[in-house]
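Here's the letter readout for the chains.
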Amino acid sequence: MSMLQVSIYRYNPETDSAPYMQEYRVDTQGRDLMVLNILEMLKAEDTTLAYRRSCREGVCGSDGMNMNGKNGLACITSLSDVVKNNKLVLRPLPGLPVVRDLAVDMGLFYKQYERIQPYLQNDEPAPAIERLQSPEERDKLDGLYECILCACCSTSCPSFWWNPDKFVGPAGLLQSYRFLADSRDTATQARLTDLQDPFSVFRCRGIMNCVAVCPKGLNPTRAIGKIRDMLLANAT
Amino acid sequence: MSTMRSLTFDAIIIGGGGAGMRAALELAKSGKKTAVLSKVFPTRSHTVSAQGGITCAIASADPNDDWRWHMYDTVKGGDYITDQDAAEYMCSEGPKAVFELEHMGLPFSRFENGRIYQRPFGGQSKNFGEGGQAARTCAAADRTGHALLHTLYQNNLKNNTTFLNEWFAVDLVKNADGDVVGCIAMCIETGEVVHVKSKATVLATGGAGRIYASTTNALINTGDGIGMALRAGFPMQDMEMWQFHPTGIYGAGVLVTEGCRGEGGYLVNKDGERFMERYAPNAKDLAGRDVVARSMVMEILEGRGCGENGDHVYLKLDHLGEEVLNKRLPGISELSKIFAHADPTKAPIPVVPTCHYMMGGIPTNVHGQAIMQDADGNDQIVGGLFACGEAACVSVHGANRLGGNSLLDLVVFGRAAGMFIESALNEGIEYLDASESDIESAMKRINRWNESSGGESVADLKVELQSIMQNAFGVFRQEDNMQEGVKKLAELRGRIAEAHLVDKSGAFNTARIEALELDNLMEVAEATAIAALERKESRGAHSRYDYPDRDDVNWLKHSMYFPLEKKVGKRDVNFKPKTLDTFEPKIRTY
């Protein structure tokens, strides 16, 4: 019987002066469980362990965390995807303040999302039925609207680590492009004007960590490229 | 007590899913002092998991579609204990609510002509069941709930709604007159407990599928609103009615949408037979969910199940081709690969009926006002308390909900509650303030946990509760088994009342949240069990071996569960739609 070695970042602001790694051993009975299953098994024994979870199927974005060095969702990351040498190291998403254990303060991440005005803007009166949109126009939103705001991408991005207050980050920019690309949105000019400073978009250095970690297979770098093109075209 | 901070709002909406955020949007636009209090960041709510779509007669797939046909399907689907005034309201107001969502930016899939894409779903018909299968479910691929929830959150941001994110509502505060005047709530990040004062308290806390061991529901679906209302002494309606979705992924419980069958997929047994042709010759795989789930269980019980243990069936999709799967069902393809290790373009998905939806809940009228009964059995409005969405029983779903009607329910009745509360606030609402002792009694259970010094673990007790419910209150039910279940639950309640919260810390203490959720699961489970035992017939999702037939003489009624007496009474079903004739109960076949 092989016991999985699990090492988890622990920090309780009320009792710990500094974070530390706690070692656990879990008997998986040879099953290829999800990382979240491991956390639930540990939580049943050690109730002080804190993390977020909700849908347990990769659509709500609650349980983004760093697993053996890579960001992802605990609920859809299987042990066989991530465990090496029988060891699993779990840390909170990097770059954001830790609230407790694996739960981070997502405030800065949400602020950058809100900053791009993530809602459809259309100054024309709405028709009595829906606004029409061709399937081709609608196809442009695929790969954009599916973002679940898990923050795996932004918290793996060095540019976001350096300037989380000024660089919108991959998640926010993906959503920004989701509205720029929507044939029903009429605020293109205002959206671009709001992004044309040296930081908001142009701090992206094309590192593509965001693409490598996105649990939904989305490509923020490509969306950022499109925004760059629009900004450059707009400037000339 | 005097050190406890209080927050004051015109309206507090508990729950940040589709219903809560739709209600909040209405109130935010009105300028009333409103807040949404949600135990998770709103886009983590369970609405996000809805896949197939929102059913509504917007006359896109079929220009001649009619909301009355949708209403007929809904009433029939609910096995005739759907309130017809409520179904009428939902189906006729629906198009307005769906177009509003589109105007807010919801990225619906489209037909060539640019209109919203609609797909066939179970239980849908044209011309009052006479015109064949309809295609009435508006979809954003198979991520409609995600698209809807994010759109609502985005529009709440646009309208500056106040959010209390990661706050947990503990219990309702009632004044001396029995009106609900707010709640006790806890900030999860800090552990601070506050008294929230409000003239209108809306329970939009969703479902409670976690009372079962196997469920499609998120881990957060613990029936918090139902628990709060029951502890406050308010009755619940039709709690025995739980929907088992035909296609939960075997083993994982994760949902794959009915839209799979809408797009042409079908179920097969171990012999490869499309067995639904035998059970529902006309609608086949698109019969009502209760009918399909029962048929699957029959196949399994009669030895035609698939797999080593013969305990599931297969959902076959490969014949649809990669293009349809990629375009219309990309999300379930992903889920199937992750949770069933099956690529649906090549292999069938192993599925089994899985607890999915609570048709019952807090009885309300179409304005979301909570209802109780006076001593003579007449409806009485509960002052200050509202409910919408899955937590409410308005009742549009009756004994069995149709696919796609849940999202419509959320937006139509979330919106209706918001509009009603706005006008009620404009007219002026005055309730007695809560006294110190009113607040004390709402603090009782959190104090109990905080003072616990020994006893059993929350995790163990939860597993026991889920196993009792799974074994005695599943797809098929019978008296002796349920009697036993009720007895076990009563015993379990005693043990939960003595259970131990080991970790008493404040900051982000999820152990305390799980303890408080366990109390809510207990309330929901007991209401379900006692109501199920009492309804001595088979109707919709409630199927009994010992009473296999529908009994319209005695049970063309809502059940009402009264928590203080733990007794079940009855309430009349509404058969009086305002603009059309009553749909009279008929034998229900598909």
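These lines cover the structure that appears in this document, whether it is placed above or below. Model, not experiment: these values are computed from the prediction.

Further remarks concern the pattern of salt bridges. Pairs can form between side chains of opposite charge whenever their charged atoms are close. All names here are of chain B. Taken as a whole and judged by the stated rule, the model has 66 salt bridges over all chains. Ionic pairing is found between Arg445 and Asp519, a salt bridge with its closest N-O pair at 2.9 Å. Here the residue Arg445 occupies a position in helix 12 (residues 436–451), and Asp519 occupies one in helix 15 (residues 510–534), the gap between them amounting to 74 residues. Arg445 gets classed as buried once you look at its relative accessible area, which sits at 8%. By relative accessible area, which is 14% here, Asp519 ends up buried. Salt bridges sharing partners connect three or more residues here, namely Asp79, Asp238, Glu240, Asp290, Arg294, Arg535, Glu537, Arg539, Arg550, Asp552 and Arg588.

All names here are of chain A. Pairing is mixed across the open sheet formed by 5 strands, whose spatial order is 2-1-5-3-4. Taken across any chain shown, the strands that pair with only one partner, and hence form the sheet edges, are strand 2 (20–27) and strand 4 (70–73). Going across the sheet, the axis of each strand differs from the next one's by a mean of 30°, ignoring polarity.

Attention shifts here to the environment of His367 of chain B. Residues and elements named next belong to chain B. Of note, His367 is situated in the loop between strand 15 (362–363) and strand 16 (369–373). Sequence separation of His367 and Leu432 is 65 residues, and the distance between their C-alpha atoms is 23 Å. Beyond its immediate stretch of four places on either side in the chain, His367 contacts Phe386, Ala416, Ala417 and Phe420.

Turning next to the pairing of strand 13 (residues 313–316) of chain B. All names here are of chain B. Residues Val313 and Leu315 of strand 13 are buried on one face, while the alternating residues Tyr314 and Lys316, pointing to the opposite face, are not. Here 3 bridges tie strand 12 (residues 266–268) to strand 13, and the two strands are oriented antiparallel to one another. In the sheet register, Tyr266 faces strand 13, and the bridge partner there is Lys316. In terms of strand pairing, strand 13 meets strand 14 (residues 349–358) through 3 bridges, oriented antiparallel. Within strand 14, the residue paired with Val313 across the bridge is Val351.

All right, on to unusual backbone geometry then. Residue and element names in this part refer to chain B. In this model, Val394 is joined to Ser395 through a cis peptide bond whose omega is -10°. By secondary structure assignment, the location of Ser395 is in the loop between strand 18 (392–393) and helix 11 (405–427). Positioned with a positive phi, Asp79 is a non-glycine residue whose angle comes to about 55°. Position of Asp79 relative to the elements: it lies in the loop between helix 2 (67–77) and helix 3 (84–104). One non-glycine residue, His341, lies in positive phi territory at about 50°. Mapped onto the secondary structure, His341 falls in the loop between helix 10 (330–340) and strand 14.

Turning next to the pairing of strand 16 of chain B. All names here are of chain B. The buried count for strand 16 comes to 4 of 5 residues, which makes it a mostly enclosed element. Pairing of strand 16 with strand 17 (residues 379–387) involves 4 bridges; the strand directions are antiparallel. If you follow Met372 over to strand 17, its bridge partner there is Gln380. Hairpin geometry of strand 16 and strand 17 is characterised by an intervening segment of 5 residues between the two adjacent antiparallel strands and by a positive phi of about 85° at Gly377.

Glancing now at the packing of aromatic side chains. By the definition in use, this model includes 15 aromatic pairs over all chains. Consider the rings of Trp161 of chain A and Trp162 of chain A, whose centres lie 6.4 Å apart with planes at 70°: the pair is edge-to-face. On the accessibility criterion, Trp161 of chain A (35% relative accessible area) is partly exposed. Plain terms: the ring middles of Tyr212 of chain B and Phe244 of chain B are 5.4 Å apart, the flat faces sit at 80° to each other, and that makes the pair edge-to-face.

Cut-offs used in this document
Residues numbered from 1 in each chain as written. Chains lettered and ligands numbered in written order. Predicted model: local features only at pLDDT ≥ 70, side-chain atom pairs only at ≥ 80, totals over all residues. Heavy atoms only, no water. Salt bridge = Lys/Arg side-chain N within 4 Å of Asp/Glu carboxyl O. Helix = DSSP H or I, 4+ residues; strand = E, 2+ residues; numbered from the N terminus. Buried < 20%, exposed > 50% of the residue type's maximum accessible area, 1.4 Å probe, protein only. Pairing = 2+ DSSP bridges. Axes fitted to C-alpha atoms, helices over the stretch in contact; angles between N-to-C directions. Contact = heavy atoms within 4.5 Å. Phe/Tyr/Trp six-rings, centres within 6.5 Å; stacked < 30°, edge-to-face > 60°.

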